[in-house]
Amino acid sequence: MNIALIGFGRVGQALIELFITKKKYIFDKYNLKINVKCIIKSNGGLYSETGIDLEELMSFIKKNEVCKHKLWHNEIKVESMIKNANIDTLIELTPTNIVDGEPALTYIRNALENKKNVITGNKGPIVLKYKELKAIADNNGVKLKIGCTTGGALPSISGGIYDVAGSEIKSIEGILNGTTNYILTKMTNDEVTYEKALKEAQEEGIVESNPSLDVLGYDTASKIIILSNVLMNTDIKLSDLKIQGITDIKLEDLKLEKSKNKKVKLIGKIEKNNDEVIAYIKPMQIDESHPLYSVDYKNKGVYYKTDTLGDISIIGGASGTMNAAASILRDIILLKEY
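As the structure is a computational prediction, the values presented were derived from the model and not from experiment. (Residues numbered from 1 in each chain as written. Predicted model: local features only at pLDDT ≥ 70, side-chain atom pairs only at ≥ 80, totals over all residues. Heavy atoms only, no water.)

Caption draft 1: The overall build of the protein chain, seen in detail. If you tally the helices and strands in the protein chain, you get 13 helices and 13 strands. On C-alpha atoms alone, the protein chain measures out to a radius of gyration of 20 Å, which is about the 20 Å that the 2.2 N^0.38 rule sets for 338 residues. The dimensions of the protein chain, computed from C-alpha atoms along their principal axes, are 60 × 45 × 40 Å. The buried share among the 338 residues of the protein chain stands at 54%. Within the protein chain, residue pairs in contact and separated by at least 24 positions form 70% of the contacts whose partners lie at least 6 positions apart. Each charge class in the protein chain was averaged separately, 45 positive and 44 negative side chains, and the resulting centres sit 3 Å apart. (Helix = DSSP H or I, 4+ residues; strand = E, 2+ residues; numbered from the N terminus. Rg over C-alpha atoms; globule rule 2.2 N^0.38 Å. Buried < 20%, exposed > 50% of the residue type's maximum accessible area, 1.4 Å probe, protein only. Contact = heavy atoms within 4.5 Å. Lys, Arg positive; Asp, Glu negative; His and termini not counted. Charge placed at Lys NZ, Arg CZ, Asp CG, Glu CD.)

Okay, here's the thing in structure tokens:
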């Protein structure tokens, strides 16, 4: 597999580390050789027709001196790499933009049109244009993998596609944002304020560059939209959802619910009843009977109600840089296997 990687922040760098540490395992188990030929940052990038020496690159990453690498070019262009015949797979990890999806939307669309497989962790293009992008992929005989967009390490997309195959999903409930779940759990268990819990989440490195996307509920909303449109064949957008975040939750509220053996969780829900679709994101009080009750701290969970397989819950998938990188690696494996 000959890869171009666009976007080289913490997740992209962690992915390179995984390629190194998992190299033998990936080849032995899946007979898959990963060859990174191009890496593009906002200010330039690296390209080698034969492949970049990743162990050598890692020494530059650790010193924060990637631009001093012998393969570094200031003027390397995404467009030329997308058209490069030596590359068959694009991994797109640029910052999320849920307003118009750019520039990632253009990168992904062009790559699919040029018959490149695409793996992305970027929610923006998938929230806005999933069906269009999937149609382009199908028409060009390539694949679009998006597992990282709906909970990172949590296998919500792959579980919904492969493990619920043949059954109709009637509703989806999810705790899909590790930041808000961490904040609410810390507030409940340690009896600290929202402000202190948020600061600790930032120190843990699990907050998006714009915390408001997490705490106002838009990250959860984006993930529910993706799950719904991919797994339930809906065509909903952000304006169709009622969205309420966690910024107004007080410590006293959580103490009261805890005294009743309940927890408050930010839950996204989508329910389809014939042609009617109901979708919302809001803090909900749940008790021990709810499948997502035990999902605490950085963990996430998704709960599917199906017509023939019953109720299915997937829980876990911690939030973090390496966890997100591991979900990209999972999609690389699935690209070959499925």
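Caption draft 2: Here's a closer look at unusual backbone geometry. Residue Pro103 is bonded to the preceding Glu102 through a cis peptide linkage, with omega at 0°. By the secondary structure assignment, Pro103 is in the loop between β5 (89-92) and α5 (104-113). Of note in the backbone geometry, Asn31 takes a positive phi value of approximately 50° without being a glycine. We classify Asn31 as exposed; its relative accessible area is 55%. Positive phi outside glycine occurs at Tyr297, with the angle close to 55°.

Caption draft 3: A look at the domain arrangement of the protein chain. With domains assigned, the protein chain is organised as domain 1 (2-153 + 321-335) and domain 2 (166-316). Of note, the centres of domain 1 and domain 2, computed from C-alpha atoms alone, are 28 Å apart. Contact with domain 1, which involves 11 residues of that partner, is made by 18 residues of domain 2. Taking both partners together, domain 1 and domain 2 bury about 1,300 Å²; carbon and sulfur atoms supply 67% of that area. In this assembly, domain 1 and domain 2 are joined by one salt bridge. Asp219 serves as the salt-bridge partner of Lys123, at 3.1 Å between the closest nitrogen and oxygen. Linking domain 1 with domain 2 are four residue pairs in polar contact (both at pLDDT 80 or more), by the criterion used here. Residue contributions to the side of domain 1 that touches domain 2 peak at five residues, all from helix α6 (residues 123-139). (Domains from an automatic or database assignment. Buried area = accessible area lost by both parts, 1.4 Å probe. Salt bridge = Lys/Arg side-chain N within 4 Å of Asp/Glu carboxyl O. Polar contact = N/O pair within 3.5 Å; in protein donor to acceptor, adjacent residues only side chain to side chain.)

Caption draft 4: A look at the UniProt feature "binding site: NADP(+)" (unreviewed entry) in the protein chain. Using the residue numbers shown here, the UniProt feature "binding site: NADP(+)" (unreviewed entry) corresponds to Gly7, Phe8, Gly9, Arg10, Val11 and Gly12. Assignment of secondary structure puts Gly9 in the loop between β1 (2-6) and α1 (10-21). By secondary structure assignment, the location of Val11 is in helix α1. Contact partners of Val11, with chain neighbours within four places excluded, come to Leu93, Thr321, Ala324 and Ala325. (UniProt positions renumbered as here; feature names shortened; annotations may be inferred.)

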